[in-house]
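The primary structure of each chain is shown beneath.
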Amino acid sequence: MLKLNRKQSEWMFYVSLTMISMAVFLLVGEPGYVLFDDSKTYMNINNNMEGVMPLYPLFLHGNKMLFGEDAYLYAVVAEQAVLAALCVTVFIGFVKNRFALKYWEAYVCYALALLPFTTDMPEAMTTHEILTEGIAYAVFYLFMAALLHAVWDKSWKWLGILCMITMLLAITRSQMQILFGVCGAAAVYIMVCRRGRGRAGKTLFLRLMCGVLVCAVIGMAGVWSVGKVSAAYQNSKAEKRREQQQSAQQTQVQAPKEDEETPENTVKPVFTTSQYVSLIFSRGMYEADYEDYLLFEEGQLRDLYLVLYERSDKTQCRYVYATPGLWMWRDIVGGIGPVGSKCFHIQNNFYNENYPELVYSSSYSAVRNGNQLKIGLTLLKEHFGRFLYHTLMLLPQAFICTVFFQIKSIYLLCHIVTLLLYVSAAALMIWSYKDKKVENTYGEFMCSVLGTNLILIGVISLVFFGQQRYLVYNFGIFYISYFLLLMQLWKLYGRNLAARLWERPRKREKNRA
């Protein structure tokens, strides 16, 4: 019989995880790569779509340079599979060592960790998709490992590593800037839990205030840094497009007629957009009413609003077309999501027809973005109550996306299951903190997961109108934490209770005999 020592067993465990991961991430689902509507945005490095961060287009472009047009997407799928396998294996190994898990428990945790990658099944595993999720889902496991390190060890060093991983995620997907809020919350927790000198109440208050200050600094510095990186990337693309326009104009110059005046600048400035402005504009236009044109005193803004309102109403991108009920969120997302793109070309026509001199001026981007921002903020201020109501209607489905599936035939049951999962998870977390027999690491694990989920749900529902692919990052990790808490509850109380219940009928049989 072959017997392995501990070192050999550990080596075999990690090799098995890596091999299983590669098989799952490469062979399950649609073979090869899978393209979506957004894929072409990332495949074209010079695309001007707002909100696209630089890392993934550069990653695709680098593979294209190395492997050529025909083979580079297959290389991308393989590299995404390798990255996912490494990140998941690292996270499971970290959890296994921290909680001294048995091998079968670690394999259960590993199976749960695969859940976020299966959300698009049976079509494809996420690693087959030419989308930022192919990288972001994997790196998020490193984010959670660093977060747990920082929380468990009360370590500023690991908090710094956490911020660096967050920056990596943020320049991959713009929505991941939200995780700087998680970094800030972790800073508050570390500051409050660290021991200090002096009177307990006074020092606790000071630590809390310092933690809030550090939280604010992390949040603002993180968003500012990501904004700088994004602006540099967008400006480089704008400069390249400007050069292409000038080159195309020089090759197609025609001699003007005698009675025709040649404009001083016939090259339109490259229009640059802001994702934040577009989000505010979209949320505002969704709440728009016809009478709101009276809110704008400037003639240009009033005329622009009426044109945009007509377009959004014609395409049914307004709140009046949402059907009340559990599925109302789908109509809200279906209205807010496309309203910006629906109005984009209308704005082009409006400015070209009514303000052609502005279109050729260097201030065009600033004026256009400014008008969008004014319209969005004015409408949100006017209909703030309705905006909050629609945001609240997005919350239930957002909670479901983090821990469960949205099944139309049993949709009410999905709400109930999600509520039970969250309530029971919170109860288990509180129990683990209260019971002295249980290490705080179990409660801190679930607290980190629930805190991250709440921040993602709140900000994404408020700003990004809550799409499922923005919310499933913690799907598997939630169940890993839940499983570990249940196992701890079973080991401490469930096993003894089961033994007693098993012994009672046997004692009765003996007494009868």
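Described below are features of the structure shown in this document. (Residues numbered from 1 in each chain as written. Predicted model: local features only at pLDDT ≥ 70, side-chain atom pairs only at ≥ 80, totals over all residues. Heavy atoms only, no water.)

Observations concerning the overall build of the chain
Inference 1: Per the secondary structure count, the chain includes 18 helices and 0 strands.
Inference 2: Across the chain, contacts joining residues at least 24 apart in sequence account for 75% of those joining residues at least 6 apart. (Helix = DSSP H or I, 4+ residues; strand = E, 2+ residues; numbered from the N terminus. Contact = heavy atoms within 4.5 Å.)

Considerations on empty space enclosed by the protein
Inference 1: Counting across every chain of the model gives 1 cavity of 30 Å³ or more.
Inference 2: Taken as a whole, the largest cavity spans an internal volume of roughly 40 Å³.
Inference 3: The element that contributes the greatest number of residues to the lining of the largest cavity is helix 18 (residues 475-512), accounting for 4 residues.
Inference 4: In terms of residue class, the lining of the largest cavity is built from 5 nonpolar, 1 polar and 2 charged. (1 Å grid on protein atoms, 1.4 Å probe; cavity = no way out; pocket = protein on both sides within 12 Å on 5 of 7 lines; lining within 4 Å. Points joined across faces, edges and corners; volume = space filled by probe spheres on them. Nonpolar A, V, L, I, M, F, W, Y, C, P; charged D, E, K, R; others polar.)

Examining the pattern of salt bridges
Inference 1: As enumerated under the stated definition, the model contains 11 salt bridges in all.
Inference 2: Residue Glu287 is joined to Arg386 by a salt bridge in which the shortest nitrogen-to-oxygen separation is 3.2 Å. With Glu287 in the loop between helix 10 (275-286) and helix 11 (299-314) and Arg386 in helix 15 (residues 384-403), this residue pair connects regions lying 99 residues apart in the sequence.
Inference 3: On the accessibility criterion, Glu287 (0% relative accessible area) is buried.
Inference 4: Where Asp313 meets Arg318, a salt bridge forms, and the shortest distance between an N and an O atom there is 2.7 Å.
Inference 5: Judged by its relative accessible area of 23%, Asp313 falls in the partly exposed class. (Salt bridge = Lys/Arg side-chain N within 4 Å of Asp/Glu carboxyl O. Buried < 20%, exposed > 50% of the residue type's maximum accessible area, 1.4 Å probe, protein only.)

Details of the nonpolar core
Inference 1: Core analysis: the largest hydrophobic core is formed by 113 residues, its most contacted members being Phe25, Phe91, Ile92, Phe143, Phe445, Phe478 and Leu484.
Inference 2: Contacts of Phe478, omitting those with residues within four sequence positions, involve Val403, Leu421, Ala425, Met446, Val449 and Leu450.
Inference 3: Core analysis: the next-biggest nonpolar cluster, separate from the first, contains 19 residues, Tyr351, Leu358, Val359 and Tyr364 among them. (Core = buried A, V, L, I, M, F, W, Y, C linked by side-chain atoms within 4.5 Å.)

Overview of the side chain of Ser9
Inference 1: Mapped onto the elements of the fold, Ser9 is located in helix 1 (residues 6-27).
Inference 2: According to the relative accessible area criterion, Ser9 is buried, its value standing at 19%.
Inference 3: In this structure Ser9 touches Leu4 and Tyr103, once residues within four positions along its chain are discounted.

Looking at the environment of Tyr422
Inference 1: Here Tyr422 is to be found in helix 16 (residues 411-434).
Inference 2: Taking C-alpha positions, Tyr422 is 8.4 Å from Leu450, a pair spaced 28 residues apart along the chain.
Inference 3: Residues in contact with Tyr422, not counting those within four places in the same chain, are Phe399, Thr402, Val403, Leu450, Asn453 and Ile457.

Overview of the packing of aromatic side chains
Inference 1: As enumerated under the stated definition, the model contains 34 aromatic pairs in all.
Inference 2: Where Trp152 meets Phe445, the ring centres are 6.0 Å apart and the plane angle is 85 degrees; that geometry is what we call edge-to-face. Note that Trp152 is positioned in helix 6 (residues 133-153) and Phe445 in helix 17 (residues 440-463), a separation of 293 residues in sequence.
Inference 3: The buried category is assigned to Trp152, whose relative accessible area is 7%.
Inference 4: Taking relative accessible area as the criterion, Phe445 reaches 1% and is therefore assigned buried.
Inference 5: A centroid spacing of 5.3 Å and a plane angle of 35 degrees characterise the contact between Phe296 and Tyr305, whose relative ring orientation is tilted. (Phe/Tyr/Trp six-rings, centres within 6.5 Å; stacked < 30°, edge-to-face > 60°.)

Notes on the environment of Gln372
Inference 1: Looking at the secondary structure, you find Gln372 in helix 14 (residues 364-382).
Inference 2: For Gln372, a relative accessible area of 7% gives the class buried.
Inference 3: Distance from Gln372 to Gly284, taken between C-alpha atoms, is 9.6 Å for residues 88 residues apart in sequence.
Inference 4: Dropping the residues within four chain positions of it, Gln372 is found in contact with Val277, Phe281 and Gln347.

A look at a nonpolar patch on the surface
Inference 1: A contiguous nonpolar surface patch, about 700 Å² in accessible area, is contributed by Leu326, Phe405, Ile407, Ile410, Leu412, Leu413, Ile416 and Leu420.
Inference 2: On the secondary structure map, Leu412 appears in helix 16. (Patch = residues over 30% accessible without salt bridge, like charges linked within 9 Å, V, L, I, M, F, W, Y side chains within 5 Å. Areas by Shrake-Rupley, 256 points an atom, 1.4 Å probe, with all protein chains shown as cover.)

A short note on helix 12 (residues 328-354)
Inference 1: Its 27 residues give helix 12 an end-to-end C-alpha distance of 38 Å, which sits within 8% of 39 Å, the value for a rise of 1.5 Å per residue.
Inference 2: The sharpest bend along helix 12 measures roughly 35 degrees and falls at Pro338.
Inference 3: Taken together, the buried positions of helix 12 are Met328, Trp329, Ile332, Val333, Gly335, Ile336, Val339, Cys343, Gln347, Phe350 and Tyr351.
Inference 4: Taken together, the buried residues of helix 12 touch helix 10, helix 11, helix 13 (356-359), helix 14, helix 15 and helix 16. (Expected span 1.5 Å × (residues − 1). Bend = angle between axes of the 7 residues up to and from the residue.)

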